[in-house]
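The lines below spell out each chain.
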Amino acid sequence: MKNRLILSCLCVIFATSFKNLKAQNMTENIQPPVAKKIPTKLEKFGDVRIDNYFWLKDRENPEVIDYLNKENEYYQKMTAHTQEFQKELFEEMKARIKEDDESVPYLYNGYFYITRFEKGKDYPIYSRKKGSLSAKEEIMFDCNELAKGKKYFNLSGLSVSADNQFVTYAVDTVGRRIYTLRFKNLFTGEVLADKIENTTGNSTWANDNKTIFYTKQDANTLRSDTVLKHILGTETALDKLIYFEKDDTFDVAVGKEKSKKYILISSSSTLTSEFRTLLADKPEGKFTIFQKRKRGLEYNISHYGDSFYIVTNKDKATNFKLMKTPELATAMENWQDVLEHREDVLLEDIDIFKDFLVVSERSNGLNKIRIMPWSGVGEYYLPFESETYTVHPTSNVDFDTDILRYAYQSMVTPASIIDFNMRTKDKVVKKEQEVLGGKFDKNNYIEERLWAKAKDGTIVPISVVYRKGIKKDGTNPLLQYAYGSYGHSMDAHFSSTRLSLLDRGFVYAIAHIRGGEDLGRKWYEDGKLLKKKNTFTDFIDCSKYLIKEKYTSPEHLYAEGGSAGGLLMGVVLNMAPELYHGVIAQVPFVDVATTMLDDTIPLTTGEYDEWGNPNMKKYYRYMKSYSPYDNVKAQDYPNMYVSTGLHDSQVQYWEPAKWVAKLRTLKTDTNLLFLDTNMDAGHGGASGRFEALKELAKEFSFLLDLEEIKK
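These numbers come from a predicted model, not from an experiment.

I'd like to hear about unusual backbone geometry, residue by residue, with values.
In the Ramachandran plot, asparagine 164 falls in the positive-phi region, its phi being about 70 degrees despite a non-glycine side chain. In this structure, asparagine 164 sits in the loop between strand E7 (154–160) and strand E8 (166–172). According to the relative accessible area criterion, asparagine 164 is buried, its value standing at 9%. Positioned with a positive phi, asparagine 198 is a non-glycine residue whose angle comes to about 55 degrees. Following the sequence through the fold, asparagine 198 ends up in strand E10 (residues 191–205). Classification of asparagine 198 as partly exposed rests on a relative accessible area of 45%.

Now the structure itself:
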């Protein structure tokens, strides 16, 4: 019996080894595509760059499409041995998701609104119930029906008229975030003939139930630059121009204030804000400027009673402060302090209720919710104990209520929606994310907050989660993630899909690097423009810390980032490739200098305050010094999986395509390099919730295959 077991084990080992050897031999004979070189001379300030792959910008060129298809074919052939494993991962992740799920209903203007999913279906169903949750469900939109026959579908921008009869909605069927605005009669179910093409999807109703304000974008740059007014039932050609934003570094949006008294037009750039207001009862009137733009002045406004409350950085309030002004005297000479600026606390936002002011703050990298009665008596903070949590107010559209609805989660605690009574301090958990399958127990995992020292002495926080029982001996695979741009804080959060890595021995780490706003506004300022390299060196120093503390080692460390986080990956790969065994770069922004010099590309001019304007020599030199594409060199690179979308409007597909083509000619190793292009989607990837899981399964299989972990 013993010998039979030994023989059986040897057979399994031999079969597995033979299978791996067979897969290896098959892939050794597969050659990657080689993009042809057509040198293009690019010159700025006397500096000449030769771009051999500039020709890949032309998506109408059949040779470009052919090259992208060949890269896809190469990726498919090289990973053919993981196809079954990808399917297993997909089913595993899908099995944790409650398919027949629904949102917590919220009450707005007499109706409860609900978003729900049905089992086996990819897209949401939007519905409402009048007056009571026991009332008959009214289905507004079944996106599964609307998406039939379409490779990509996204419904966005729902806005309901004050009389609850009509709704505007926006549809994108390409993935390029160019929406068609439509109108539906919710009482009869009729989709109206009114149809507005090439919009941003952003719209709002005046209180007369027939006037709609909406925004359109430049056809080439996709910058939201125009506000128009449409009267229901009239020809769209007759729509009146309300506002055009001339400054190409600004974007515009339109919306209705929570009090429903005012319609607002916002114009904003990275560093500057400007608002215009109009009484919602008088859509035929003219918008008036709240406070004229002043470079470097940022503000946001909320109406309450006879005043506006303003979150602003006025008076050098780097972390923002709260001010107040009479609604009929809105120029900033009338603004008065309500909450003063604090050096160690970032004021992120406010929510206004009839009897309470709710303030969202951030200190020491953690979210805080401050409850302040308008009476001035008895303010307090909601208590939270974990060091890796995320909390923020959510759908608080009702003004006359004592209930604050907020969302809470941590790296081991599934997302919860909680209704908190600000008067009695009682709370009710309305919903906690269900993790199906019966295998998840948050007590099986450990979450930690670590602090790494950067090269300039700055202490950088890292949120870490892993399964209990892991030894810190340097042998653990670890996936390190970060973003680090636009002041976007990458908070510690729960992920049911991440369990597929954790349960296979992976450690997961979020590096809260400079460029985000995790430790306040200065944290952002120290990771942008001519200080951008702090973002990259922070990430590298976090990696070195995790290696030093033996959470992992270079043989088992992996890095991941998308979009601006993909830029981070590109720079890190050039600067410290020896630290990583593999890297995932999703829709990466890697051709910084060329893109920022082309003001016809979507979003470019609005990015000058983030990256710098390369038409100024100091910014050109600086961004060229770190631009991943410009700094690819002859050296060993880790294994790489690069993804993009042909219709991406934010990071154009040609950036990663050019980058991979150049890497293929210069890298000195034999490690894997894949370019995977979704030919039907844009920046956000696939549109269906389960289709997105298939993309995630590709990434996870890439990591786990490198670690040779299957079960």
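A description of the packing of aromatic side chains should follow, citing residues and the corresponding values.
Summed over the entire model, instances satisfying the criterion amount to 39 aromatic pairs. Look at phenylalanine 440 and tyrosine 445: their rings are 5.8 Å apart centre to centre, the planes differ by 25 degrees, and that puts the pair in the stacked class. Residue classification places phenylalanine 440 among the partly exposed residues on the basis of a relative accessible area of 22%. Taken together, the ring pairs in this structure connect Tyr262, Phe275, Phe290, Tyr299, Phe308 and Trp335 into an aromatic cluster. Sitting over the face of the ring of phenylalanine 250, arginine 293 holds its NZ or CZ atom 4.1 Å from the ring centroid. Here the basic side chain of arginine 498 rests over the ring of tyrosine 508, its NZ or CZ set 4.3 Å away from the ring centre.

I'd like to hear about the nonpolar core, residue by residue, with values.
Of all hydrophobic cores here, the largest spans 107 residues; its most connected members are Ile462, Val464, Phe539, Tyr580, Tyr626 and Trp659. A total of 8 residues in this core trace back to one element, the largest contributor, which is helix H13 (residues 689–706). Apart from residues no more than four positions distant in its own chain, isoleucine 462 is found in contact with Glu448, Arg449, Leu450, Ala452, Ala509, Ile510, Ala511, His512, Cys542, Tyr545 and Leu546. Of all hydrophobic cores here, the second largest spans 16 residues; its members include Ile369, Leu382, Ile418 and Met422.

Tell me about the packing of helix H7 (residues 533–548) against helix H8 (residues 564–575), and please be specific about residues and values.
In the contact formed by H7 and H8, the axes pass within 10 Å of each other and the chain directions differ by 65 degrees. Put simply, H7 runs roughly perpendicular to H8. Between H7 and H8 lies a crossing of right-handed hand. Contact residues: Thr535, Phe536, Thr537, Phe539 and Ile540 in H7; Leu567, Leu568, Met569, Val571, Val572 and Met575 in H8. Taken together, the residues that form the contact of H7 with H8 break down as 9 nonpolar, 2 polar and no charged.

Requested: an account of H13, with residues and values cited.
Between the first and last C-alpha of H13 there are 27 Å, a value that for 18 residues agrees with the 26 Å anticipated at 1.5 Å per step. Listed in full, the buried residues belonging to H13 are Arg689, Phe690, Leu693, Ala697, Lys698, Glu699, Phe700, Ser701, Phe702, Leu703, Leu704 and Leu706. Once H13 ends, the next one or two residues include glutamate 708, with phi positive near 55 degrees.

Please set out the sheet that holds strand E19 (residues 307–312) residue by residue, giving values where relevant.
Sheets are built from strands paired through backbone hydrogen bonds, the pairs being either parallel or antiparallel. Strand order across the open sheet formed by 4 strands is E18-E19-E20-E21, with antiparallel pairing between neighbours. Whereas interior strands pair on both sides, the edge strands pair on one side only; in this sheet they are strand E18 (299–304) and strand E21 (336–339). Taking the axes of each pair of neighbouring strands and ignoring which way they run, one obtains an average angle of 35 degrees across the sheet. Bridge analysis of strand E20 (residues 321–326) against E21 gives 3 bridges, and the strand direction is antiparallel. The partner of leucine 322 across the bridge, within E21, is leucine 339.

Would you mind going over the side chain of arginine 498 in detail, with residue names and values included?
In this fold, arginine 498 is placed in the loop between strand E32 (478–481) and helix H5 (499–502). Among the polar contacts listed, one links the side chain of arginine 498 to the backbone oxygen of histidine 493, at a separation of 3.1 Å.

So what's going on with the pattern of salt bridges? Residues and values would help.
Evaluation of the coordinates by the stated rule reveals 49 salt bridges. Notably, a salt bridge pairs arginine 116 with glutamate 137, separated by 2.8 Å at the nearest N-O pair. Here glutamate 137 lies in strand E6 (residues 137–142) and arginine 116 lies in strand E4 (residues 111–116), a separation of 21 residues in the sequence. For arginine 116, a relative accessible area of 13% corresponds to the buried category. Taken together, the salt bridges that share partners define one network made up of Arg116, Glu118, Lys121 and Glu137.

For the environment of leucine 499, give the residues involved together with the corresponding values.
Following the sequence through the fold, leucine 499 ends up in helix H5. When the C-alpha positions of leucine 499 and glutamate 88 are compared, they lie 14 Å apart, and in sequence the two are 411 residues distant. If sequence neighbours within four positions are ignored, leucine 499 has contacts with Arg96, Val435, Phe440 and Tyr445.

How would you summarise the sheet that holds strand E27 (residues 403–410) if you had to cite specific residues and measurements?
With respect to topology, 4 strands assemble into an open sheet ordered E26-E27-E28-E29, the strand pairing being antiparallel. Looking at which strands have only one partner, the edges of the open sheet turn out to be strand E26 (389–393) and strand E29 (427–432). With direction set aside, neighbouring strand axes in the sheet form an average angle of 25 degrees. Summarising the sheet, E26 and E27 pair through 5 bridges and their orientation is antiparallel. Directly across from threonine 390, in E27, lies its bridge partner glutamine 409.

Reading the values: rules and limits
- Residues numbered from 1 in each chain as written.
- Predicted model: local features only at pLDDT ≥ 70, side-chain atom pairs only at ≥ 80, totals over all residues.
- Heavy atoms only, no water.
- Helix = DSSP H or I, 4+ residues; strand = E, 2+ residues; numbered from the N terminus.
- Buried < 20%, exposed > 50% of the residue type's maximum accessible area, 1.4 Å probe, protein only.
- Phe/Tyr/Trp six-rings, centres within 6.5 Å; stacked < 30°, edge-to-face > 60°.
- Lys NZ or Arg CZ within 6 Å of the ring centre and 35° of its normal.
- Core = buried A, V, L, I, M, F, W, Y, C linked by side-chain atoms within 4.5 Å.
- Contact = heavy atoms within 4.5 Å.
- Axes fitted to C-alpha atoms, helices over the stretch in contact; angles between N-to-C directions.
- Parallel < 35°, antiparallel > 145°, perpendicular 65-115°, else oblique.
- Left-handed = near helix turned anticlockwise from the far one by under 90°.
- Nonpolar A, V, L, I, M, F, W, Y, C, P; charged D, E, K, R; others polar.
- Expected span 1.5 Å × (residues − 1).
- Pairing = 2+ DSSP bridges.
- Polar contact = N/O pair within 3.5 Å; in protein donor to acceptor, adjacent residues only side chain to side chain.
- Salt bridge = Lys/Arg side-chain N within 4 Å of Asp/Glu carboxyl O.

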